[in-house]
Structure formats: structure tokens, C-alpha cells
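Next come the chains, spelled out residue by residue.
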Amino acid sequence: IIPAPDTVIKESAFVLEKARANNEVFKYTLQLIFNKYNNSNIMGMDKAFVFLAENYYLNGLAPWADSAWLVKVENRVKEIKPNLVGNTAPEIKVVSDKNMYVSLHQLKAEYVVLFFYEPDCGHCRKTTPKMLELSQKYWEKGVEVIGFYTQGDQPEWEKFIKEQKLEHWINVWDPYNQSHFRDKYDIRATPSIYLVNKDKKIIGKRIDVETLEKILEDEYKNK
């Protein structure tokens with residue numbers, strides 16, 4: 001089948017409904033499909049994970065599942081369901097380095113890249129120059145980058161902006177987590193990159209800079 005979440009959901013449901021005629025076959029098939037898409041490296045496949053979790057494990061159709069494990073599954077669904085590819089990006093209102101409020105939903109741009117980082121993260125330091133290069137390449141095409149500092153040390157943040165020459169980005173932070181960005185965007189590690197279109201729909205998440213550029217190239221090519 002095509003490795004796309006909607007296709008996976010449709011075909012998985014078809015196979016699982018057939019398998020329900022035999023409890024052991026159903027158990028084996030559900031576990032097999034769930035594990036495959038729970039561990040998938042394909043962007044957007046967490047939508048299939050949510051579908052399988054909600055419609056089978058959390059719907060009482062897997063009585064063999066451990067209750068403590070089901071709680072973990074339920075919590076994970078709550079964490080990723082708001083930021084699935086295709087969803088409207090959760091609104092965040094945060095403060096910029098110019099001490100002005102920034103609203104994602106009010107930002108007018110063809111595309112917005114949300115780049116969550118922290119200066120002490122080695123991978124962030126390697127990724128930031130690549131992101132800067134990409135932003136310079138696509139800025140005139142209407143791509144804005146929100147550089148989101150995830151920590152609370154203002155001098156460190158301002159130093160990083162200056163050192164990395166990020167002044168033309170929209171640099172923001174939320175030292176008191178009033179926007180709840182970690183929950184809304186499932187920020188468990190940095191760097192974390194999201195791509196949002198002008199309608200504020202998520203079209204890319206948890207991607208590297210190379211994949212981000214490929215998505216942007218395809219978007220502009222299709223236009």
C-alpha cells in the first residue's frame with residue numbers, strides 16, 4: 001500500500017475487521033500493525049497510531065492489554081493528537097526579542113517554520129546554521145522562521161541570536177510556559193522543526209532541515 005497515513009488507516013481497518021472473526025488472529029494482527037506504525041519513521045504516520053489506539057486499544061477491543069500500558073498509550077495520544085500533520089497548528093502567543101507579543105495565527109506568511117531550539121544542545125548548534133541558510137534562501141518567497149528558544153535564560157538567548165546572526169528571524173521565547181508550547185507541540189527534545197502553511201495547517205513535523213527544504217521545493221513546484 002502507499003505509505004500514507006490515510007491509506008494505512010483504511011487498509012488496517014479492513015484487515016482488522018476481517019481478523020476479528022478469530023480472537024487469536026485479531027490479537028496477533030492488531031499487535032503487528034500497531035507496533036509497525038508506532039515505530040514508523042515516516043512523517044505523519046502518528047495519525048495511524050492515534051487511529052489504532054483510539055479505535056481498538058482504548059475502545060475496549062484489546063482486553064489482553066495491560067492497564068498501566070493502556071494509560072501510557074492514552075497519554076501519548078493526548079500528546080500528539082493536537083499536532084498531527086493536516087491539523088491546524090495550535091495557537092501560541094509568545095514574546096519576541098523586541099519585547100512584543102507574537103501570535104502564530106496572526107502571522108501573515110506563505111509558510112512558517114517553527115524551529116524549537118536551545119543553545120546548549122549540540123545538535124541545535126549544528127542545525128541552526130543550516131536553518132539560517134535555508135531561511136535566507138526562501139525568505140523572499142514568503143517563508144518566515146520563528147526561532148523558538150525553549151529555555152529561560154535571557155542573556156544566553158540574546159547572545160545566541162547575535163552569535164548565530166539570527167536577527168532577521170522572528171525570535172521568541174516563553175520563560176514561564178504561559179503558551180504551553182511543550183504540550184501543544186510535543187517538544188520532548190531539541191531541535192524540533194514544524195512547517196505550517198499560510199492557512200496554519202501543519203504540513204511537516206519533526207523533520208530535519210534537508211527534509212524541510214524538500215517539502216518547500218515540492219510546495220513551490222506544485223504552485
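That block above? That's the structure.
A. Representation of the overall build of the chain in the model. For the chain, the helix and strand inventory stands at eight helices and seven strands. For the chain, the spread of C-alpha atoms along the principal axes amounts to about 65 × 40 × 30 Å. By the burial criterion, 44% of the 223 residues in the chain qualify as buried. Pairs at least 24 apart in sequence give 69% of the contacts found in the chain among residues at least 6 apart. Across the chain, the mean location of the 32 positive side-chain charges is 3 Å away from that of the 32 negative side-chain charges.

B. Representation of the packing of helix H5 (residues 122–138) against helix H8 (residues 209–222) within the structure. Running from amino to carboxyl end, H5 crosses H8 at an angle of 15 degrees, the nearest separation of the two axes being 10 Å. Overall, the two elements H5 and H8 adopt an arrangement that is roughly parallel. Considering how the two elements wind past one another, H5 and H8 form a crossing that is right-handed. Contacts between H5 and H8 involve Thr-127, Lys-130, Met-131, Leu-134, Lys-137 and Tyr-138 from the former and Val-209, Glu-210, Leu-212, Glu-213, Leu-216, Glu-217 and Tyr-220 from the latter. Taken together, the residues of the contact of H5 with H8 break down into seven nonpolar, one polar and five charged.

C. Layout of the sheet that holds strand E6 (residues 192–197). Spatial ordering of the open sheet is given by E2-E1-E5-E4-E3-E6-E7, a layout of seven strands whose pairing is mixed. The open sheet has two free edges, formed respectively by strand E2 (101–103) and strand E7 (202–205), since each of these has just one partner strand. Taken pair by pair, the neighbouring strands of this sheet meet at an average axis angle of 30 degrees, ignoring direction. Together, strand E1 (93–96), strand E3 (111–117), strand E4 (143–149) and strand E5 (170–173) form the strand contacts of helix H6 (residues 154–164), whose direction differs from that of E5 by roughly 165 degrees.

D. View of the environment of Ile-161. Looking at the secondary structure, you find Ile-161 in helix H6. Setting aside its immediate chain neighbours within four residues, Ile-161 contacts Asp-97, Tyr-117, Leu-166, Glu-167 and Asn-171.

E. Quick look at unusual backbone geometry. Here the bond from Thr-190 into Pro-191 is cis, since omega is -5 degrees, no more than 30 degrees from zero. Summarising the element assignment, Pro-191 is placed in the loop between helix H7 (181–184) and E6.

F. Up close: the pairing of E1. Judged from the three bridges that link them, E1 and E2 form a sheet pairing that is antiparallel. Counterpart to Val-94 in the pairing with E2 is Val-102. As consecutive antiparallel partners, E1 and E2 are separated by four residues, and within that stretch Asn-99 has a phi angle of approximately 60 degrees, a positive value. Judged from the two bridges that link them, E1 and E5 form a sheet pairing that is antiparallel. Each bridged residue has a counterpart across the sheet, and for Ser-96 the counterpart in E5 is Val-172.

G. Structural detail: the packing of H5 against H6. Put simply, H5 and H6 touch, their axes get as near as 11 Å, and they point 55 degrees apart. As the angle between them shows, H5 and H6 are arranged oblique. Pair H5 / H6 crosses with right-handed handedness. Counted together, Arg-125, Thr-128, Pro-129 and Leu-132 of H5 and Phe-160, Glu-163 and Gln-164 of H6 form the full contact between these two elements. Residue classes in the contact of H5 with H6 are distributed as three nonpolar, two polar and two charged.

H. A look at the pairing of E3. Of all seven residues in E3, seven are buried, a share of seventy percent or more. By the alternation rule, side chains of E3 split into Tyr-111, Val-113, Phe-115 and Tyr-117 and Val-112, Leu-114 and Phe-116, which are all buried. Here E3 pairs with E4 via seven bridges, running parallel. Opposite Phe-115, over in E4, you have Gly-147 as the bridge partner. For the segment spanning E3, H5 and E4, crossover handedness is right-handed.

Rules of the game
Residues numbered from 1 in each chain as written. Predicted model: local features only at pLDDT ≥ 70, side-chain atom pairs only at ≥ 80, totals over all residues. Heavy atoms only, no water. Helix = DSSP H or I, 4+ residues; strand = E, 2+ residues; numbered from the N terminus. Buried < 20%, exposed > 50% of the residue type's maximum accessible area, 1.4 Å probe, protein only. Contact = heavy atoms within 4.5 Å. Lys, Arg positive; Asp, Glu negative; His and termini not counted. Charge placed at Lys NZ, Arg CZ, Asp CG, Glu CD. Axes fitted to C-alpha atoms, helices over the stretch in contact; angles between N-to-C directions. Parallel < 35°, antiparallel > 145°, perpendicular 65-115°, else oblique. Left-handed = near helix turned anticlockwise from the far one by under 90°. Nonpolar A, V, L, I, M, F, W, Y, C, P; charged D, E, K, R; others polar. Pairing = 2+ DSSP bridges. Right-handed = clockwise from strand over helix to strand, strands pointing away.

Worth remembering: the numbers are spatial, not functional.
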